[in-house]
Amino acid sequence: GTTRPQVRIVIVGHVDHGKSTLVGRLLHETGSLPDGKLEMLKAVSARRGMPFEWSFLLDALQTERDQGITIDTTQIRFRTRSRDVVLIDAPGHAEFLRNMITGASQADGAVLIIDALEGVRSQTRRHGYLLHLLGVKQVAVVVNKMDRVDFSAARFSEISAEISAHLVGLGVTPTAVVPISARDGDGVAEHTPRIEWYKGPTVVEALDALEPAKPLAELPLRLPVQAIYKFDDRRIVAGRVESGSLKAGDEIVIMPTGKIAKIKTVESWPVTPVGGPQGAGRSVGITLDRELFLERGDIIGHSGQSPRDTRRIRARIFWLHDKPLTKGEQILIRLGTKESRATVVAIEKAIDPGALSNEENSAIARNHVGEIDISLAQPVATDPYTDNPRTGRLVIEVNGRIAGGGLVLSVDAGRPAVP
Ligand code: GDP
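Residues numbered from 1 in each chain as written. Predicted model: local features only at pLDDT ≥ 70, side-chain atom pairs only at ≥ 80, totals over all residues. Heavy atoms only, no water.

### Notes on the packing of aromatic side chains
Each pair of aromatic rings is reported with the distance of its centres and the angle of its planes.
Next up, step 1: Evaluated as defined, the whole model comprises four aromatic pairs.
Next up, step 2: Between the aromatic rings of F52 and W54, the centroid separation amounts to 5.3 Å while the plane-to-plane angle is 80°, which identifies the pairing as edge-to-face.
Next up, step 3: Residue F52 is classed as partly exposed on the basis of its relative accessible area, which comes to 23%.
Next up, step 4: Exposure remark for W54: the relative accessible area of 8% places this residue in the buried category.
Next up, step 5: Here a set of aromatic residues connected by ring pairs shows up, and it is made of F52, W54 and F56.
Next up, step 6: Stacked on the ring of F52, the Lys or Arg K42 has its end atom at 5.4 Å from the ring centre. (Phe/Tyr/Trp six-rings, centres within 6.5 Å; stacked < 30°, edge-to-face > 60°. Buried < 20%, exposed > 50% of the residue type's maximum accessible area, 1.4 Å probe, protein only. Lys NZ or Arg CZ within 6 Å of the ring centre and 35° of its normal.)

The following block contains the structure:
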């Protein structure tokens, strides 16, 4: 059957501006709640003599999730007309940042929520900045609690202009700015008479318009070499296809050396020979048409679309170690299956994500984000993460322990790219 494109989103904004309420509403309006759930929670509220809150839905689902009751135990999801929307992680906190920067989770888009009465707050601006830092380019802004400002078009325009200017200043153009009342439902899935002056998309329509990430299989081939095995006279190169696909007969380039060969055979490692192309996520063993030196950590790509080779990387990292990272520090870098000794040659930014103050650029403290220049002891193959989310990530070790992780922002090639 056809698979619906999936978009992974985060919902961010100042505390109490209505994130949980919006999620409860979205689950309801998109028909994603288990039968009877809403009625049950309403009955429980009535029995306890407390008003029903849409945020109870999220609480209830999260409790069930923690107890492993619901079938989908991992994530909160709902469907729009053409998309499966997956809600990832809790916004704003160190955990969320760490997951985003180290690649445990990646958002395709975000909803930034603002209370119409309170307007743009410093936390709102900070969340906008974090989205920019994390490379989230698709941001839908929601102006919530319009019922508290009598659905005033003027108030909406004012907030819309202020947040748009802030985001555009960061290089992010909002995909939509939507006036809503998450509590009452206006603008979430329907245009209601109270917002008849608004002609743009509802929240559900804005989510439906988000572009999903490009499937890994459609990116250029990246096969990081895990090991080389010798059987009689055959040499089998084993690894996991991180992106793209390969098949027998393909012309390949091995980076960082730039050596060229043709793939002779492909087997689905470690079991059987296979005929068709092998795509992202598959472990393969390949043989080549010639004897040449390659080693663990090399990355195989197709001619003309190979990864970059470099000894210098600019990275955005999330730092986990107790001891702050400083300029001149000796570290170990892991890029895919490659390990290399390296030196921090510059610290360009050191940011406390809680305050978003740019500390004086000398050290990156624990749970802070920074941008650094790394000089590697040997050439490595890699990609900027905007080109490839799999090979554009790195892990930093200090004394044998993971001390940080992050994104390859740019690569300063040691020599011209190989054809
Ligand atoms: P969060 O901290 O951002 O998740 O905010 P919540 O969803 O918990 O909402 C905070 C408070 O705002 C709750 O008391 C909600 O009932 C209230 N609230 C949320 N949306 C609306 C709305 O559209 N109108 C009004 N008047 N109150 C709302």
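### A closer look at empty space enclosed by the protein
Next up, step 1: Counted under the stated rule, the structure contains one cavity of 30 Å³ or more.
Next up, step 2: Within this model, the largest cavity holds a volume of roughly 40 Å³.
Next up, step 3: Lining of the largest cavity is provided by P224, I299, L335, G336, A381 and T391.
Next up, step 4: For the lining of the largest cavity, a count of residues per class yields four nonpolar, two polar and no charged. (1 Å grid on protein atoms, 1.4 Å probe; cavity = no way out; pocket = protein on both sides within 12 Å on 5 of 7 lines; lining within 4 Å. Points joined across faces, edges and corners; volume = space filled by probe spheres on them. Nonpolar A, V, L, I, M, F, W, Y, C, P; charged D, E, K, R; others polar.)

### A short note on the environment of F52
Next up, step 1: Turning to its location among the elements, F52 is positioned in the loop between α2 (37-47) and α3 (55-67).
Next up, step 2: Separated by 14 residues in sequence, F52 and L38 have C-alpha atoms that sit 9.8 Å apart.
Next up, step 3: Leave out the neighbours within four places in its chain, and F52 touches L38, L41, K42 and S45. (Helix = DSSP H or I, 4+ residues; strand = E, 2+ residues; numbered from the N terminus. Contact = heavy atoms within 4.5 Å.)

### Some thoughts on the sheet that holds strand β5 (residues 138-144)
Next up, step 1: In space, the six strands of this open sheet follow the order β2-β3-β1-β4-β5-β6, with mixed pairing throughout. Looking at which strands have only one partner, the edges of the open sheet turn out to be β2 (76-79) and β6 (176-179). Direction aside, the axes of adjacent strands within the sheet are offset by 25° on average.
Next up, step 2: Here strand β4 (residues 109-115) runs beside β5; their pairing, made up of seven bridges, is parallel. (Pairing = 2+ DSSP bridges. Axes fitted to C-alpha atoms, helices over the stretch in contact; angles between N-to-C directions.)

### Looking at the packing of helix α5 (residues 122-133) against helix α6 (residues 153-169)
In helix packing, the relevant descriptors are the interaxial angle and the interaxial distance, both defined with respect to the helix axes.
Next up, step 1: Where α5 contacts α6, the axes come no closer than 10 Å and their chain directions differ by 35°. In the crossing of α5 with α6, the sense of the turn from one axis to the other is right-handed. On α6, the residues that touch T124, R125, G128 and Y129 of α5 are E162, I163, H166 and L167.
Next up, step 2: Tallied by class, the residues present in the contact of α5 with α6 amount to three nonpolar, three polar and two charged. (Left-handed = near helix turned anticlockwise from the far one by under 90°.)

### Describing the pattern of salt bridges
Next up, step 1: Tallied over the entire structure, the rule returns 28 salt bridges.
Next up, step 2: Between R81 and D208 there is a salt bridge, and its shortest N-O distance comes to 3.4 Å. Placement of R81 in the loop between β2 and β3 (84-87) and of D208 in helix α7 (residues 203-208) is noted, with a sequence separation of 127 residues between them.
Next up, step 3: Overall, R81 belongs to the exposed group, its relative accessible area being 71%.
Next up, step 4: Judged by its relative accessible area of 9%, D208 is buried.
Next up, step 5: With its nearest N and O atoms 3.0 Å apart, the salt bridge here joins D250 to K247. (Salt bridge = Lys/Arg side-chain N within 4 Å of Asp/Glu carboxyl O.)

### Observations regarding the site of the ligand
Next up, step 1: Taken together, 16 residues form the shell around the ligand, and within it D16, S20, T21, E53 and D147 come nearest.
Next up, step 2: In the model, an oxygen atom of the ligand is placed 3.0 Å from a nitrogen or oxygen of the G18 main chain.
Next up, step 3: Protein contacts shield 81% of the accessible area of the ligand, which totals 580 Å² for the unbound molecule.
Next up, step 4: For the shell around the ligand, the element with the most residues is helix α1 (residues 19-29), which contributes three residues. (Near = heavy atom within 4 Å. Polar contact = N/O pair within 3.5 Å; in protein donor to acceptor, adjacent residues only side chain to side chain. Areas by Shrake-Rupley, 256 points an atom, 1.4 Å probe, with all protein chains shown as cover.)

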